[in-house]
Amino acid sequence: QVQVVESGGGLVQAGGSLRLSCAVSGSIFVINNMGWYRQAPGKQRELVARIRSGGNTDYADSVKGRFTISRDNAKNTSYLQMNDLKSEDTAVYYCKAGVVKVLAGPYFEVWGQGTLVTVSS
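Before going into details, it helps to say that this report is about the structure given with it. (Residues numbered from 1 in each chain as written. Predicted model: local features only at pLDDT ≥ 70, side-chain atom pairs only at ≥ 80, totals over all residues. Heavy atoms only, no water.)

Observations concerning the packing of aromatic side chains
Working step 1: What the rule picks out here adds up to two aromatic pairs.
Working step 2: Ring centres of Y94 and W111 lie 6.4 Å apart, and the angle between their planes is 80°; on these two criteria the pair is classed as edge-to-face. Placement of Y94 in strand 9 (residues 91–100) and of W111 in strand 10 (residues 107–111) is noted, with a sequence separation of 17 residues between them.
Working step 3: Taken together, the aromatic side chains of Y37, Y94 and W111 make up a single cluster linked through ring pairs.
Working step 4: In this structure, R19 is placed above the aromatic ring of Y79, and the distance from its NZ or CZ to the ring centre is 4.0 Å.
Working step 5: In this structure, R45 packs its charged tip against the face of Y94, placed 3.7 Å from the ring centre. (Phe/Tyr/Trp six-rings, centres within 6.5 Å; stacked < 30°, edge-to-face > 60°. Helix = DSSP H or I, 4+ residues; strand = E, 2+ residues; numbered from the N terminus. Lys NZ or Arg CZ within 6 Å of the ring centre and 35° of its normal.)

Here it is, written out as structure tokens:
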């Protein structure tokens, strides 16, 4: 069984910073894409940032220049460094990992439970 656990959320003032972590554990052969998504109250879940196994990254326009996604393959962990936070960044942040459990096995995606980020203005 594969588990995805986020951490690092909390309450921060506008202009502040937070660093989220996403740890993937369990029976894993390889982790392909890792992504951070967020869902604000009353809104749909949206992609924030994504990092591929080779290190290429994508960002939502709203966070470009402020957020940085990275990964440590040795630790099966992804990070989201969030700087210059704004009130509109308030949301539950979810991590999604694309995983292959065995060599030549199927690819499937696993979501974490989310971590709440609240930015006060």
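What about the pattern of salt bridges?
Working step 1: Scanning the entire structure with this criterion turns up seven salt bridges.
Working step 2: We note a salt bridge from E46 to R38, for which the minimum N-O separation is 2.8 Å.
Working step 3: Between R52 and D58 there is a salt bridge, with its nearest N and O atoms 2.5 Å apart.
Working step 4: Among the charged side chains, a salt-bridge network with shared partners connects R38, E46, R66 and D89. (Salt bridge = Lys/Arg side-chain N within 4 Å of Asp/Glu carboxyl O.)

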